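Topology and contacts: notes
Below, each chain spelled out in residue letters.
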Amino acid sequence: MVDIGICRRYPLLFWIGALIIFLQAYRVPVIPMLPGLDESFPYILNLGASTGARFGTDIIYTYGPLGFLLAIEDVGSNFTVGYVFWTIVYSAFAAAMSYFVVSRTQAWSAILGLALGAVVSGYIDIERLPSCFVMLLLFLGYEEPRFRTPIIACCGLIAAVGLLMKVTIGVSCLGAIIASTLVPFTSIRQISRRAAVAIISTAVSFCVAWIILSGSVEGISSYFYNSLQLSAGYTASMSASRANERLSLSLFLSAMALLAIFAGLLPRWRNLHALATIIPLVAIAWKHGVVRYDAHVFALVIILAFSTFCVSILHLSKSPASASNTINGWFTLAFYRPTIGILGATAITLLAATALDNANLKFTPRIAGGLEPLAHLRHYSQYRLYLRQVSDSQLAGSRLEADTLNRIGKKTVDAYSYELSLVAANPQLNWRLKPVFQHFNAFTEHLDSLNADFLRGPNAPSFLIMHHPRDSIAGVDDRHQLFDDPIAFLQVMRHYRTVFVENDPSKLQVGLLERLSDAERGFSEPTPFKSELARWNKTIYLPPTPTSAILRVKVDLTKSLSSKLKEALFRLSPIHLVYILSDGTEQRYRLMPPHLMTGVWIAPLFENYSTLYKFLGGLDWEGPKVVAIRFESENLSDYNEPFSVSWEKIDCDEGTPCQPASSRFVSTFADGRKGVPSLIRTTITAEIPTPAHTIRAIDVRLSTYGQINKGLLTLSVLDDNGNVLGKSRLNAALVRDNNYAMFTFEPIIQISGGKTLLQLSYEPVGQGLIAAWKSSETAQDLDFRAYGD
């Protein structure tokens with residue numbers, strides 16, 4: 001037995017160590033309210049916690065009632081609660097870490113261990129702290145058997161808090177606890193008792209806290225089930241950024257070096273206990289981070305670094321080997337040579353540094369970083385005022401115009417967008433958010449159906465707000481907006497109609513949809529009408545359908561056993577859908593496999609929000625005609641082929657436009673030329689290369705150099721004799737930088753044959769600057785797209 005009275009003999013060393021670790025590790029994740037995909041959703045967690053929303057039913061996410069503690073915003077009492085909570089947690093963590101080092105080592109070894117602990121603790125972020133805290137306590141409990149049972153119970157409490165913050169945090173903690181209870185496996189009775197303590201302490205703590213926070217046990221089962229659905233869909237839906245792809249090799253080598261230390265430097269039972277404790281934490285960190293090769297890979301770096309610290313302290317421990325702690329014979333020499341342990345830790349540090357260098361990212365902790373939140377705490381009122389000022393400044397661009405606010409009034413409204421800063425910036429509105437509040441997170445059929453039921457039900461909001469910066473229809477990870485929640489969108493088009501669209505680039509670009517007060521719009525349920533077999537990367541031509549119908553497709557994908565194993569350990573390759581259009585161009589969007597199997601939208605194709613708003617408003621629009629599609633996968637072995645493709649149609653009532661009024665028959669830059677912007681100083685002339693019978697509209701790609709311009713743009717269509725066949729004018733202030741601007745012709749231009757020319761001119765007011773995209777500065781062409789018959 002180790003002399004646990006060493007902390008009483010060296011109290012100064014213990015307290016100095018605890019203080020240094022606290023000052024190095026302490027942080028409180030207080031953030032201002034910000035716009036953006038990842039930056040805006042914490043406001044919903046903070047708002048839900050402050051208003052008593054029911055997580056698991058009202059709010060569906062992997063975050064729970066205490067999720068706001070991971071990103072604290074100044075909503076209600078969250079700011080104060082967060083500061084108190086993390087101050088207590090970090091104080092306990094620092095004390096446990098200092099005790100672990102001082103009780104295991106002596107003299108200079110203790111000083112070295114505390115220095116190493118201070119360095120490692122500076123890397124531990126908020127989300128990894130519960131896992132590292134549990135790991136530390138489990139190691140300590142194993143080393144001091146008299147206190148192992150109460151320590152396991154304490155770890156169960158931490159796991160319960162982790163579950164209330166975020167399901168993956170709690171699961172990783174609980175997995176480590178259960179695995180720890182299995183070692184040593186000399187007595188089934190003792191193992192059962194330890195496991196029972198862990199499970200009971202976790203379950204009781206979680207249920208009591210849930211009842212206190214939510215008022216009842218309602219929502220617990222749905223919270224876990226829906227979180228599982230979200231976690232399962234995360235792997236399938238998110239794109240690999242590949243920014244840190246080489247990290248995988250470095251981290252793999254780091255893990256192998258760590259396992260070598262465990263195998264060679266510790267006695268057998270200590271070795272097995274350390275492995276059992278760390279493997280669940282490493283596995284979840286691996287799945288969470290390496291699956292995307294993005295910044296989340298550092299979760300694995302943190303777990304590996306802290307594991308190295310713990311095993312190094314155990315290696316430096318003065319505990320002698322006993323009969324029950326037989327030395328592993330693989331590296332007996334290494335057990336007596338502390339230098340080997342230090343070299344192993346150094347190897348992992350160097351590998352991690354190599355990984356960081358490969359990623360070209362800076363991940364260096366600040367010295368005594370805990371002084372910053374302590375300084376904020378000292379100036380508590382001023383800091384809160386500062387955060388509010390930053391939030392007000394950042395949310396200024398998300399505030400709705402007065403006429404939009406007046407139109408909504410006191411009626412309920414939902415943000416049908418990932419941009420949830422709309423909610424924070426407009427608190428005067430009566431917000432009623434769908435359960436999966438960022439609809440791109442509706443990864444599976446179950447989650448998509450929850451949103452669909454909400455939009456169909458009696459509590460559906462009276463208005464939906466869509467956000468369309470730059471009019472782009474491309475969503476998260478290169479997915480088309482209609483691919484995010486294909487089931488819920490069917491309810492949007494049945495029950496809502498476009499009533500207002502703000503296209504002014506100088507204002508917040510949103511579209512407002514109002515719920516119909518009478519019966520739903522005339523769309524039938526999806527009806528299967530044709531099936532066929534298809535293969536990856538092969539063209540599939542659309543079956544003939546009437547112009548008064550919408551076309552969808554379902555694909556029956558099956559995975560091989562090796563693909564299922566690959567998905568469990570890592571991820572499958574992304575799937576893309578390629579639209580082949582009538583003008584010879586192609587458009588490619590990312591697909592989520594679960595949605596592909598429940599049905600996705602094929603035709604009509606909405607290239608931008610402008611056409612989508614017209615469709616939802618019951619107006620005619622111009623767009624491309626889809627003639628064929630193609631499914632692409634980077635790894636053809638992920639799914640079995642051939643696979644079954646089932647076509648579905650949705651019939652539209654008479655008078656409801658379901659296809660473009662005219663299709664696009666030419667795109668001059670269809671060959672992929674990027675071109676250059678050329679200032680419109682005089683009239684620019686270009687020829688329409690493909691003959692047509694009629695021209696209804698023409699898109700021209702323009703550049704505004706990032707400014708709002710005044711004046712009029714004029715596009716004229718001429719025959720080969722110079723006669724003007726039609727002319728369209730456009731307000732220059734409505735042109736979006738580097739986007740296509742549409743010129744519509746009324747009456748429709750009739751083409752009788754021969755050469756057809758375009759002339760583009762600009763009459764600026766003031767310092768207006770607008771350029772048209774051409775293949776080169778001197779070329780006589782334009783990047784345009786023409787619609788007609």
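Above this text sits the structure in question.
Below or above, wherever it landed, is the structure these notes cover. (Residues numbered from 1 in each chain as written. Predicted model: local features only at pLDDT ≥ 70, side-chain atom pairs only at ≥ 80, totals over all residues. Heavy atoms only, no water.)

What follows concerns the overall build of the protein. Each helix and strand counted, the protein has 26 helices and 24 strands in total. Of all intrachain contacts in the protein linking residues separated by at least 6 positions in sequence, the fraction that spans at least 24 positions is 79%. (Helix = DSSP H or I, 4+ residues; strand = E, 2+ residues; numbered from the N terminus. Contact = heavy atoms within 4.5 Å.)

The next subject is the state of the cysteines. Covalently bonding the sulfur atom of one cysteine to the sulfur atom of another cysteine gives a disulfide. This structure, assessed with the given rule, holds 1 disulfide. Through a disulfide, Cys 652 is tied to Cys 658; the S-S separation comes to 1.6 Å. Measuring handedness by torsion sign, the sulfur bridge of Cys 652 and Cys 658 sits at about -115° and is left-handed. A residue is classified by how much of its surface remains accessible, and Cys 652, at 10% relative accessible area, is buried. With no disulfide partner, Cys 154 has as its closest neighbouring cysteine sulfur the one in Cys 155, 5.9 Å distant. (Disulfide = S-S within 2.5 Å. Buried < 20%, exposed > 50% of the residue type's maximum accessible area, 1.4 Å probe, protein only.)

So, on to the packing of helix H8 (residues 148-165) against helix H10 (residues 188-214). Taken N-terminus to C-terminus, the directions of H8 and H10 make an angle of 40°; their axes are 8 Å apart at the nearest point. In terms of axis orientation, H8 runs oblique to H10. The chirality of how H8 crosses H10 is right-handed. Of the residues in H10, those touching H8 at Arg 148, Thr 149, Ile 152, Ala 153, Gly 156, Leu 157, Ala 159, Ala 160, Leu 163 and Leu 164 are Arg 194, Val 197, Ala 198, Ser 201, Thr 202, Ser 205, Phe 206, Ala 209 and Trp 210. Within the contact of H8 with H10, the residues separate by chemical class into 12 nonpolar, 5 polar and 2 charged. (Axes fitted to C-alpha atoms, helices over the stretch in contact; angles between N-to-C directions. Parallel < 35°, antiparallel > 145°, perpendicular 65-115°, else oblique. Left-handed = near helix turned anticlockwise from the far one by under 90°. Nonpolar A, V, L, I, M, F, W, Y, C, P; charged D, E, K, R; others polar.)

Moving on to the nonpolar core. Core analysis: the largest hydrophobic core is formed by 115 residues, its most contacted members being Trp 86, Phe 306 and Ile 465. Among the elements that take part in this core, helix H5 (residues 78-104) stands out by supplying 13 residues, more than any other. In this structure, Trp 86 is in contact with Tyr 26, Arg 27, Val 28, Pro 29, Leu 69, Leu 70, Ile 72, Ile 126, Leu 129 and Met 165, ignoring residues within four places of it in sequence. The next biggest cluster of nonpolar side chains, apart from the first, holds 57 residues, and it includes Leu 513, Val 553, Val 555 and Val 645. (Core = buried A, V, L, I, M, F, W, Y, C linked by side-chain atoms within 4.5 Å.)

With respect to the element layout, Glu 419 can be found in the loop between strand S1 (412-415) and helix H20 (421-425). For Glu 419, the side chain forms a polar contact with the main-chain nitrogen of Gly 36, separated by 3.0 Å. Residues in contact with Glu 419, not counting those within four places in the same chain, are Pro 35, Gly 36, Ser 40 and His 467. (Polar contact = N/O pair within 3.5 Å; in protein donor to acceptor, adjacent residues only side chain to side chain.)

Turning our attention to the sheet that holds strand S22 (residues 756-764). Two pairing modes exist for strands in a sheet, parallel and antiparallel, and in both the strands are linked by backbone hydrogen bonds. With respect to topology, 4 strands assemble into an open sheet ordered S17-S22-S19-S20, the strand pairing being antiparallel. Each having just a single partner strand, strand S17 (684-687) and strand S20 (724-731) make up the two edges of the open sheet. Strand-to-strand, the axes of this sheet are offset by a mean angle of 20°, without reference to chain direction. Sheet topology places S17 next to S22; 4 bridges connect them, and they run antiparallel. Within the sheet, the bridge partner assigned to Glu 687 lies in S22 and is Leu 757. (Pairing = 2+ DSSP bridges.)

Spatial ordering of the open sheet is given by S7-S13-S9-S10, a layout of 4 strands whose pairing is antiparallel. Looking along the sheet, the strands with just one partner apiece sit at the ends: strand S7 (539-541) and strand S10 (586-591). Averaged over neighbouring strand pairs, the angle between their axes works out to 25° when direction is ignored. Judged from the 7 bridges that link them, strand S9 (residues 575-581) and strand S13 (residues 626-633) form a sheet pairing that is antiparallel. Bridge pairing in S13 places Leu 577 opposite Phe 631.

A separate point is the packing of H8 against helix H9 (residues 167-181). Where H8 meets H9, the axes come as close as 7 Å, and the angle between the chain directions of the two elements is 160°. Here H8 lies roughly antiparallel to H9, going by the angle between them. The crossing of H8 and H9 is left-handed. On H9, the residues touching Arg 148, Ile 152, Cys 155, Gly 156, Ala 159, Gly 162 and Leu 163 of H8 are Val 167, Ile 169, Gly 170, Val 171, Cys 173, Leu 174, Ile 177, Ser 180 and Thr 181. Per-class residue counts for the contact of H8 with H9 are 10 nonpolar, 5 polar and 1 charged.

The end-to-end C-alpha separation of H10 is 38 Å, in line with the 39 Å expected for 27 residues at 1.5 Å each. Every buried residue belonging to H10 is among Ile 191, Arg 194, Ala 195, Ala 198, Ser 201, Thr 202, Phe 206, Trp 210 and Ser 214, and all of these are buried. Backbone geometry just after H10 places Gly 215 at a positive phi near 90°. (Expected span 1.5 Å × (residues − 1).)

Note the cis peptide between Val 183 and Pro 184, where omega equals -5°. Phi is positive for Asp 471, close to 65°, though the residue is something other than glycine. Among the secondary structure elements, Asp 471 is positioned in the loop between strand S3 (463-467) and helix H22 (481-484). Look at Asp 471 and you get buried, because its relative accessible area is 9%. We note that Asn 537 has phi near 65°; this positive angle belongs to a residue other than glycine. Tracing the sequence through the fold places Asn 537 in the loop between strand S6 (527-534) and S7.

Take the environment of Phe 743 next. Here Phe 743 is to be found in strand S21 (residues 739-750). Apart from the residues lying within four places of it in its own chain, the contact partners of Phe 743 are Arg 696, Ala 697, Ile 698, Val 700, Leu 713, Leu 715, Ser 728, Leu 730 and Leu 760.

Time to look at the pairing of S10. One ladder, built from 6 bridges, connects S9 with S10; its direction is antiparallel. Residue Ile 580 lies in a different strand from S10, and its bridge partner there is Glu 586.

So, about a nonpolar patch on the surface. Together, Ile 200, Val 204, Val 208, Ile 212 and Leu 213 make up an exposed nonpolar region whose accessible area comes to about 470 Å². Structurally, Val 208 can be placed in helix H10. On the accessibility criterion, Val 208 (44% relative accessible area) is partly exposed. (Patch = residues over 30% accessible without salt bridge, like charges linked within 9 Å, V, L, I, M, F, W, Y side chains within 5 Å. Areas by Shrake-Rupley, 256 points an atom, 1.4 Å probe, with all protein chains shown as cover. Salt bridge = Lys/Arg side-chain N within 4 Å of Asp/Glu carboxyl O.)

Looking now at the packing of aromatic side chains. A full pass over the atoms with the stated rule returns 33 aromatic pairs. For the pair Phe 79 and Tyr 83, a centre-to-centre distance of 5.4 Å together with 45° between the ring planes defines the contact as tilted. In this pair, Phe 79 and Tyr 83 both sit in helix H5, 4 residues apart, roughly one turn of the helix. There is no split in this pair, since Phe 79 and Tyr 83 are both buried. Seen from their ring centres, Phe 606 and Phe 615 are 5.1 Å apart, and the 40° between their planes marks the pair as tilted. Three or more aromatic residues link up through ring pairs in this structure, and these residues are Phe 489, Phe 523, Trp 601, Phe 606, Phe 615 and Trp 621. For the cation-ring pair, Arg 701 lies above Trp 773, with the distance from its terminal atom to the ring centre recorded as 3.7 Å. (Phe/Tyr/Trp six-rings, centres within 6.5 Å; stacked < 30°, edge-to-face > 60°. Lys NZ or Arg CZ within 6 Å of the ring centre and 35° of its normal.)

Attention shifts here to the pattern of salt bridges. Considering all chains together, one arrives at 29 salt bridges under this definition. The salt bridge involving Arg 399 is made with Asp 392; its shortest N-O contact spans 3.8 Å. Here Glu 632 makes a salt bridge to Arg 630, at a shortest N to O gap of 3.1 Å. The residues Glu 632 and Arg 630 share a single accessibility class, namely buried. One continuous salt-bridge network, built from bridges that share partners, spans Asp 583, Glu 607, Arg 664, Asp 699 and Arg 785.

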